[in-house]
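A structural walkthrough
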Amino acid sequence: ARRSFIRGTGSYLPTKVLTNNDLSKMVDTSDEWIVERTGIRQRHVAAEGEMTSDIATAAARDALAAAGLTPADVDLIVLGTTTPDQTFPATATAVQAKLGMTGGAAFDVQAVCSGFLFALSTADAMLKQGLFNTAIVIGAETFTRLLDWSDRGTCVLFGDGGGAVVLQAEEWDGAEDQGVITHHIRTDGTKSDLLYVDGGVSSTGTIGHVRMEGNRVFRHAVTNISAAIQAVLDETGLTIEDIDWFVPHQANKRILDAVAKKMNIDDEKVIITVDKHANTSAASIPLALNHAVRTGRAKKGDLVLSEAMGGGFSWGASLFRL
Ligand code: ACO
């Protein structure tokens, strides 16, 4: 049977860093409040003119280099993003052009903070089906462009960045627990009023800003992320102890801690980058994964469970062996 394998990871962060102290000069907040409530200490912010496709392309190049492959080897790009360069064409096609690719196919997937897992599961399914052979799966955002900088309840939480993985399909008759193993992907459209953007092409004709009922989102996040982890364990017969690394979406340190407590996850196994990156939406999982790989914590052969929850609501989990 065909199976997909992760050949390399990569990431890119804009150079400009905005600290909590910088923010305290813009809105009525403080480093103490932000650190205590979220664990966030700083975030990267895209430069003027720096677009999601630039960030995504840089992350893709980094992942290709790690995989020892070139754009000519790639026939699929799936980009999870909520902050496209333009309403159309898909930002993934801009990445395709910037990488110098003239073949294959490229498209975007929109599931906000769960976007990377929706993109990964989509690419994995297409590779397994035999439609394509080598994919770059990217999560990239210029999320700060959606922020209302006068709303201290949201503007302190987010940042910009991108991460990518290279997936390659192979005929595989070996053990079932190798490569990309399984995904659990869900949405609930009835909860959209708790986290959304108050604009869009067909509603207001404007871009709009992020609106959120933070503490209600917080409770749903803990419940849904825990349920997604449990669904993967039930499907595979694995236990929490079998997982080497948890690479969650990075929204808030307190959400990560609450999930770890609820599911009896050893804190040492949870990769945390929210302190440095803040919430980068679809980019946060591949950014955290690449951080875990490049710092030498997550090694080839390790079993990784990634989980996320975001607007929609959308949520999910993906299990793979590096
Ligand atoms: N600085 C100082 N005070 C603030 C700030 C700020 N930046 N923001 C809010 N406050 C104030 C509020 O006005 C409120 O004041 P009041 O009591 O006088 O009314 C007080 O702090 C407490 O506000 P709460 O919203 O109840 O604080 P809470 O402990 O819930 O923390 C937070 C807020 C950090 C937003 C939290 O609810 C959260 O992280 N929720 C998860 C939402 C999230 O991460 N969403 C991202 C997308 S979804 C996802 O990725 C999971």
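Residues numbered from 1 in each chain as written. Predicted model: local features only at pLDDT ≥ 70, side-chain atom pairs only at ≥ 80, totals over all residues.

As annotated in an unreviewed UniProt entry, the protein is Beta-ketoacyl-[acyl-carrier-protein] synthase III from Hyphomonas pacifica. One UniProt comment on the protein, placed under Subcellular location (unreviewed entry), says "Cytoplasm". Recorded in UniProt under Subunit (unreviewed entry), the annotation for the protein is "Homodimer." (UniProt positions renumbered as here; feature names shortened; annotations may be inferred.)

**A short note on the sheet that holds strand β6 (residues 134-141)**
Reading across the sheet, the 5 strands line up as β1-β7-β6-β4-β5 and stay open at both edges, with mixed pairing between neighbours. Strand pairing shows two members of the sheet lacking a second neighbour, β1 (2-12) and β5 (105-109), which therefore form its edges. For this sheet, the mean angle separating the axes of adjacent strands, direction not counted, is 20°. Contacts between helix α10 (residues 284-294) and the sheet are confined to β1, β6 and β7 (161-171), with β1 contributing the most and set at about 85° to the helix. (Pairing = 2+ DSSP bridges. Helix = DSSP H or I, 4+ residues; strand = E, 2+ residues; numbered from the N terminus. Axes fitted to C-alpha atoms, helices over the stretch in contact; angles between N-to-C directions. Contact = placed C-beta atoms within 7 Å.)

**Observations regarding the UniProt feature "domain: Beta-ketoacyl-[acyl-carrier-protein] synthase III C-terminal" (unreviewed entry) in the protein**
Cross-referencing UniProt, the feature "domain: Beta-ketoacyl-[acyl-carrier-protein] synthase III C-terminal" (unreviewed entry) maps to residues 233-321 in the present numbering. Taken end to end, residues 233-321 comprises 34% helix and 20% strand; its first and last C-alpha atoms sit 14 Å apart.

**Remarks on the pairing of strand β13 (residues 314-321)**
Burial of β13 is extensive: 7 of the 8 residues sit out of reach of the surface. Here strand β12 (residues 303-310) runs beside β13; their pairing, made up of 8 bridges, is antiparallel. When the bridges of β13 are listed, Leu303 appears paired with Arg321. Where β12 folds back onto β13 in an antiparallel hairpin, the turn is made up of 3 residues, including Gly312, whose phi is positive at roughly 140°. (Buried ≥ 20, exposed ≤ 12 C-beta atoms within 10 Å, placed from the backbone.)

**Some thoughts on the site of the ligand**
Taken together, 24 residues are adjacent to the ligand, and Thr29, Gly214, Asn215, Phe218 and Ala251 come closest. Those elements giving two or more residues to the shell around the ligand turn out to be α2 (31-38), α6 (152-155), α7 (214-236) and β12. When residues of the shell around the ligand are assigned to their parent elements, the largest contribution, 5 residues, is made by α7. In terms of residue class, the shell around the ligand is built from 13 nonpolar, 9 polar and 2 charged. (Near = placed C-beta within 6 Å. Nonpolar A, V, L, I, M, F, W, Y, C, P; charged D, E, K, R; others polar.)

**A look at unusual backbone geometry**
Omega for the bond connecting Phe88 with Pro89 falls within 30 degrees of zero, at 0°, which places this linkage in the cis form. One can find Pro89 in the loop between β4 (76-80) and α4 (91-98). For the peptide bond that leads from Gly312 to Phe313, omega is -10°, which places it in the cis range. Mapped onto the elements of the fold, Phe313 is located in the loop between β12 and β13. Even without being a glycine, Ala278 presents a positive backbone phi close to 60°. A positive phi angle, close to 55°, is found at Ser281, a residue other than glycine. Among the structural elements, Ser281 can be located in the loop between α9 (274-277) and α10. Judged by the 34 C-beta atoms lying within 10 Å of it, Ser281 falls in the buried class.

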